[in-house]
Amino acid sequence: MKSSFILIVILSLLGTYVKAQTPWVVPDDRKGLLAPLKFSDETRKLGQEVFNKTCVSCHGHPGQPDQAKLVPAPKDPASKEYQQNLDGEFFYKITEGRGLMPSFKKMLKSEDIWNVISYVRTFNKEYVQKVGAADSSSGITGKLLSKLDYLIKDNKIEVKVIQQSNKMPVIGVKLSLYAKRNFGWLPLDEMRISNASGKLTFNYPKDLPGDKVGDVNIKVNMANADGTERTIIDTIIKTEIKCSQYNLLDNRAMWNVRSKAPIWLMLSYCGSVLAAWGVIFYIIWILLQIRNKGAKV
Amino acid sequence: MDEKTKSGIIHDILKSVKLNNGFYVWMAFLTVSLVFCLTAYYQQLTTGLGVTGLRDYISWGMYISNFVFFVASSLIGMLISSVLGLTGQKWVTPITRMAEIIAFAFAAVAGLVIVSDMGRPERLLNVFLYGRFQSPILWDVTVVTTYVMISLLLFIVPMVPDLAIAYNNRSDLPKWQRLLYKLLSLNWIGSEEQKALLHKAVRILLILVIPVALAIHTVTSWLFAVTPRAGWNSTIFGPYFVTGAFVTGVASVIIAMYVFRKIYHLQEYIKDIHFDKIGKLLVLVSLVYLYFNINEFLVPGYKMPKHEAVTLHSLFSGGHAIMFWFVQLAGLIIPIFLLLLKKFRKPTPLLIIGLFVFVGAWLKRYLIVIPTQEHPFLPIQNVPESYTFYQPTFTEICITLASFILVLIIVSVLAKVFPLIPIQETIDERNNKTESHEE
């Protein structure tokens, strides 16, 4: 009783907090960000695909009143209030998120977000795009320095960041390390910054299981200036922790396919059907006998 | 018993088998109505299930509740012929065949009702080709088919001596009808050997039909009860459905008894005592069903588990409340009280009560199937308003009516073409009675 009372108090406080939410101010240095690409039918099409997969469940279909009933209400992309945002403001809000609006910087690539913006701008007839400068970081690439034995021994992953064109080390680049799991990418260590020789070291957890042969798919992402991330290394490393996953569909079970039905069930089903129809055919046989007996007379 | 009474019985019962103008008019009416309703099915077949009120969340609507109702009604054959017959209840003799006809008609059409719920009925065969042993759908299809077969046999086999009598006594009938009698009477001459064989066959059938009938409705209940959903997640769904089926079935038989007694002038065979007895039977099965209803609603209603509360409230006091209380009161509780009084067990009052019970039973299936789906555990969101509730469309209602018309056609034809009251049994019973009187 008491706990539910407290819960109600918290929920109602939360409600007033949400209602009294301050306007979403985007930092000045992010406001002016422009798309590094020219919006085209191509970007709008790709953007629509991302929008339908990622945004539509809350924001609804632009121009239709089918937004999710949340507080604060998700805005209709076709509305004037929504379209007032600058491209940079959109980009900031989508990447960072606030409250119920999730942050997409780890889920979507920078291009995807720009494509979505290019798509929602089709609902604003007055919109004219200003194209920004091309992304200067695109030439940067990374190299895994650690070898297998090194990795296993010390649980470290060393990365070197270089400029692709001249192979010179790049200083001050922010990198993050991820490992692929069943349902997405798991962040492994905190963000690291490359040093004077372009190198940095991640701690690799010693108890992270690999697949059946111990392989782990890892990736290293570089933080872009716009808040998104770009993958510069995506590779398989070998570890000694092998994971033999037990598949629930391997054995006979009620939830499995027909060929994996429980034996007792198949016997019961087939047995009952055979018994019932066996008796039915026996009855038919008796009827034939009655018929024969009458014909003899 | 003297020869005159025997021939009198034969004459009385066989009076109705000749097709007359009244029958033709009735059949023409039914056929025209059926054709009209089938145009609705044509529309559904060509356009798809979008013409119905069925949507993503409420995907089982009137068709499935109607299916449950039909399966329920078909159980009556088992109760009357088998349970009461085997326990030596002599009063059921004149209504056993009627009960079997009702059982066969409802069971046979129940299968078609399922097909009407399919958007792609031409894929029905896949149920058998790829059906999983684990799926209650496969069990249901199997057991319905088996039950239809047994009901048909239970209709025909005990009728064999009567068909021989009909063949021998009605030489004025059209050729096809006499041929039908000749074929189905299996060269019956009434020898001791034949009698023994027939007795054995009927006995076996009467015993076999009990587990199969229990299975048919228990499996139907499992279609719901094996899913953990509010209102369906119940361990007593099997007996709850079976006892409910008896209520429906008895009401159907009461209606049939009244109608056939009237149009075939069978007052001498279906007497007030039969109405009195079946009225008492209705009280009995209704009380058992009421007991299960109390269990089914009082226990969850007492606990009001958080996630099931919405469904229960919608029944007790929400959108479905009027229907729910009508079903419980007019379809169950008031009939029980009225039928305890002898004067309400007379034919006409009993017919009216039977009609209420029948309608209540149909609505009851609607209440079992639909409210649960309107309140899934995960909230319904981001769908058009029309997806959040269920409203049957005109097309759907027409197709459902078509299934009832089909049942009426089958019942009318079988009850017309074949002797409706068992002749041989009636004669035997009256013989026994006279003999015991003479002793």
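Quick note: structure is the one above.
Described in the following lines is the structure provided in the data block. (Residues numbered from 1 in each chain as written. Chains lettered and ligands numbered in written order. Predicted model: local features only at pLDDT ≥ 70, side-chain atom pairs only at ≥ 80, totals over all residues. Heavy atoms only, no water.)

Residues and elements named next belong to chain A. On the surface, Y246, L248, L249, M254, W255 and W264 cluster together into a nonpolar patch covering about 740 Å² of accessible area. As for its position among the elements, W255 is in the loop between β8 (229-238) and α8 (263-296). Its relative accessible area of 56% is what places W255 among the exposed residues. (Patch = residues over 30% accessible without salt bridge, like charges linked within 9 Å, V, L, I, M, F, W, Y side chains within 5 Å. Areas by Shrake-Rupley, 256 points an atom, 1.4 Å probe, with all protein chains shown as cover. Salt bridge = Lys/Arg side-chain N within 4 Å of Asp/Glu carboxyl O. Helix = DSSP H or I, 4+ residues; strand = E, 2+ residues; numbered from the N terminus. Buried < 20%, exposed > 50% of the residue type's maximum accessible area, 1.4 Å probe, protein only.)

Now for the nonpolar core. One finds I80, I95, Y147, F224, V250 and I278 of chain B to be the most contacted residues of the largest nonpolar core, which totals 159 residues. When residues in this core are grouped by element, the largest group, 16 residues, is from helix α11 (residues 237-263) of chain B. Setting aside residues up to four positions removed in sequence, I278 of chain B forms contacts with I80, W91, I95, V250, V253, I254, M257 and L350 of chain B. In terms of nonpolar packing, the next biggest core, distinct from the first, is built from 21 residues, I140, L200, M222 and I237 of chain A among them. (Core = buried A, V, L, I, M, F, W, Y, C linked by side-chain atoms within 4.5 Å. Contact = heavy atoms within 4.5 Å.)

Moving on to helix α3 (residues 62-74) of chain B. The end-to-end C-alpha distance of α3 of chain B, which contains 13 residues, comes to 18 Å, matching closely the 18 Å that a straight helix rising 1.5 Å per residue would cover. Along α3 of chain B, 13 of the 13 residues are buried, which leaves the element largely enclosed by surrounding structure. (Expected span 1.5 Å × (residues − 1).)

All names here are of chain B. One way to put it is that α3 packs onto helix α10 (residues 192-225) with a least axis distance of 9 Å and a crossing angle of 160°. Considering the angle they form, α3 stands roughly antiparallel to α10. Where α3 crosses over α10, the two elements pack in a sense that is left-handed. Here I64, F67, V68, V71, A72 and S74 of α3 lie close against α10, whose contacting residues are I216, H217, T220, L223 and F224. A per-class count over the contact of α3 with α10 returns 8 nonpolar, 3 polar and no charged. (Axes fitted to C-alpha atoms, helices over the stretch in contact; angles between N-to-C directions. Parallel < 35°, antiparallel > 145°, perpendicular 65-115°, else oblique. Left-handed = near helix turned anticlockwise from the far one by under 90°. Nonpolar A, V, L, I, M, F, W, Y, C, P; charged D, E, K, R; others polar.)

Turning to empty space enclosed by the protein, a few remarks are in order. Any empty space left between atoms is shown by rolling a water-sized probe over those atoms. Residues and elements named next belong to chain B. Evaluation of the coordinates by the stated rule reveals 1 cavity of 30 Å³ or more. In this model, the largest cavity occupies a volume close to 80 Å³. Taken together, 14 residues line the largest cavity, and the ones lying closest to its centre are Y289, V327, G331, L332 and A361. When contributions to the lining of the largest cavity are tallied by element, the ones reaching two or more residues are α11, α12 (272-303), α14 (321-339) and α15 (347-374). For the lining of the largest cavity, the element with the highest residue contribution is α15, accounting for 5 residues. Taken together, the residues of the lining of the largest cavity sort by class into 6 nonpolar, 6 polar and 2 charged. (1 Å grid on protein atoms, 1.4 Å probe; cavity = no way out; pocket = protein on both sides within 12 Å on 5 of 7 lines; lining within 4 Å. Points joined across faces, edges and corners; volume = space filled by probe spheres on them.)

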